Amino acid sequence: EDQVTQSPEALRLQEGESSSLNCSYTVSGLRGLFWYRQDPGKGPEFLFTLYSAGEEKEKERLKATLTKKESFLHITAPKPEDSATYLCAVMGSNYQLIWGAGTKLIIKP
Amino acid sequence: NAGVMQNPRHLVRRRGQEARLRCSPMKGHSHVYWYRQLPEEGLKFMVYLQKENIIDESGMPKERFSAEFPKEGPSILRIQQVVRGDSAAYFCASSPSSQETQYFGPGTRLLVL
């Protein structure tokens, strides 16, 4: 069964304190792994798509990496505006997205 | 370049009424997906549509729920005879093809009294 597990459920950091979020997955025929950011009361906002193990993508303070079993979202020197819930999803052979429950990130000034 | 649009943003219904949620995909996108999100839970896939066709409705309850994406106009998610358990945020996403990134709308928050 296709499955996505995100950890930790919640993470509190001080401003400037770098860390990583984890997304572990099992899927038949990975067609892509997606990272989104969701602010309270809003829809998910697309961040990255990764297609194959070894691939990395960066955007401002965020960097996403992918292995055959998991993906990491690294946050370098975060700011309070990076506070949000970060969602991970995988697309399998049936083109359906399977979602993790998310990691709620809080950055304290 | 407008993003995915959903309306209404908030909808209040009494038990037994009908709820109609609308979604206009991004320009150039012909694939539409509907998801439901309960508080503090992840997104759950409901249905995947292309123009005039339902491609995958495996996540949608068999009763009371239906979806369409007509040749002209927005996609519609329809919930008949709503119950309190239908209260949730409903999100629509669109993509140019089945394998590409899905872009989300702001959601419709349904409250059933």
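An account of the accompanying structure is given in this report.

### Quick look at the overall build of chain B
Counting its regular elements, chain B contains zero helices and 11 strands. Traced from its N-terminal end to its C-terminal end, chain B shows the element sequence β-β-β-β-β-β-β-β-β-β-β. Relative to a compact globule of 113 residues, whose C-alpha radius of gyration would be 13 Å, chain B shows 13 Å and is just as compact. Principal-axis analysis of the C-alpha atoms places the extent of chain B at approximately 35 × 25 × 25 Å. Classification of the 113 residues of chain B by burial places 43% in the buried group. For chain B, the share of sequence-separated contacts (at least 6 apart) that also reach a separation of at least 24 residues comes to 53%. As displayed, chain B offers around 5,900 Å² of accessible surface, 46% of which is attributable to carbon and sulfur atoms. Here chain B contributes 16 positive and 11 negative side-chain charges, whose respective centroids are spaced 8 Å apart.

### A few points about empty space enclosed by the protein
Tallied over the full model, the rule gives one cavity of 30 Å³ or more. Reported here for the largest cavity is a volume of approximately 30 Å³. Residues that form the lining of the largest cavity fall into these classes: three nonpolar, two polar and one charged.

### Brief notes about the side chain of Q6 of chain A
Residues and elements named next belong to chain A. If you trace the backbone, Q6 turns up in strand β1 (residues 3-7). Polar side-chain contacts of Q6 include one of 2.9 Å to the backbone nitrogen of C88. A polar contact of 3.0 Å, which involves the side chain of Q6, links it to the backbone nitrogen of G102. Apart from residues lying up to four places away in sequence, Q6 is in contact with N22, C23, W35, Y86, L87, C88, G100, A101, G102 and T103.

### Describing the packing of aromatic side chains
Following the criterion strictly, the structure yields nine aromatic pairs over all chains and no others. With a centroid separation of 5.7 Å and 65° between ring planes, the pair formed by F46 of chain A and Y103 of chain B is classed as edge-to-face. Separated into two different chains, F46 of chain A in strand β5 (residues 45-50) and Y103 of chain B in strand β10 (residues 103-104) make up a pair that spans both. The partly exposed category is assigned to F46 of chain A, whose relative accessible area is 21%. Judged by centre distance (4.7 Å) and plane angle (15°), the ring pair of Y33 of chain B and Y48 of chain B falls under stacked. On the criterion of sequence distance, the pair formed by Y33 of chain B in strand β4 (residues 31-37) and Y48 of chain B in strand β5 (residues 43-50) is long-range, its members being 15 residues apart. Through successive ring pairs, a cluster of aromatic residues spans Y36, F46 and W99 of chain A together with Y35, F45, Y103 and F104 of chain B.

### Considerations on the environment of P74 of chain B
Residues and elements named next belong to chain B. Assignment of secondary structure puts P74 in the loop between β7 (65-68) and β8 (75-79). A relative accessible area of 27% means that P74 is categorised as partly exposed. Distance from P74 to K51, taken between C-alpha atoms, is 9.8 Å for residues 23 residues apart in sequence. Setting aside residues no more than four positions away along its own chain, P74 makes contact with R22, C23, S24 and F69.

### Topic: the state of the cysteines
Taken as a whole, this structure holds two disulfides over all chains when the rule is applied. A disulfide bridge connects C23 of chain A with C88 of chain A, and the sulfur atoms are separated by 1.9 Å. Around the S-S axis, the bridge from C23 of chain A to C88 of chain A shows a dihedral of about -65° and counts as left-handed. Of the two residues, C23 of chain A is situated in strand β3 (residues 19-26) and C88 of chain A in strand β9 (residues 84-91); the sequence distance between them amounts to 65 residues. One exposure class covers both C23 of chain A and C88 of chain A, and it is buried. With a sulfur-sulfur separation of 1.7 Å, C23 of chain B is cross-linked through a disulfide to C92 of chain B. Where C23 of chain B bonds to C92 of chain B through sulfur, the torsion about that S-S bond is close to -50°, and the disulfide is left-handed. Residue C23 of chain B is located in strand β3 (residues 19-24), and its partner C92 of chain B is located in strand β9 (residues 88-95); the two are separated by 69 residues in the primary sequence.

Cut-offs applied
- Residues numbered from 1 in each chain as written.
- Chains lettered and ligands numbered in written order.
- Predicted model: local features only at pLDDT ≥ 70, side-chain atom pairs only at ≥ 80, totals over all residues.
- Heavy atoms only, no water.
- Helix = DSSP H or I, 4+ residues; strand = E, 2+ residues; numbered from the N terminus.
- Rg over C-alpha atoms; globule rule 2.2 N^0.38 Å.
- Buried < 20%, exposed > 50% of the residue type's maximum accessible area, 1.4 Å probe, protein only.
- Contact = heavy atoms within 4.5 Å.
- Areas by Shrake-Rupley, 256 points an atom, 1.4 Å probe, with all protein chains shown as cover.
- Lys, Arg positive; Asp, Glu negative; His and termini not counted.
- Charge placed at Lys NZ, Arg CZ, Asp CG, Glu CD.
- 1 Å grid on protein atoms, 1.4 Å probe; cavity = no way out; pocket = protein on both sides within 12 Å on 5 of 7 lines; lining within 4 Å.
- Points joined across faces, edges and corners; volume = space filled by probe spheres on them.
- Nonpolar A, V, L, I, M, F, W, Y, C, P; charged D, E, K, R; others polar.
- Polar contact = N/O pair within 3.5 Å; in protein donor to acceptor, adjacent residues only side chain to side chain.
- Phe/Tyr/Trp six-rings, centres within 6.5 Å; stacked < 30°, edge-to-face > 60°.
- Disulfide = S-S within 2.5 Å.

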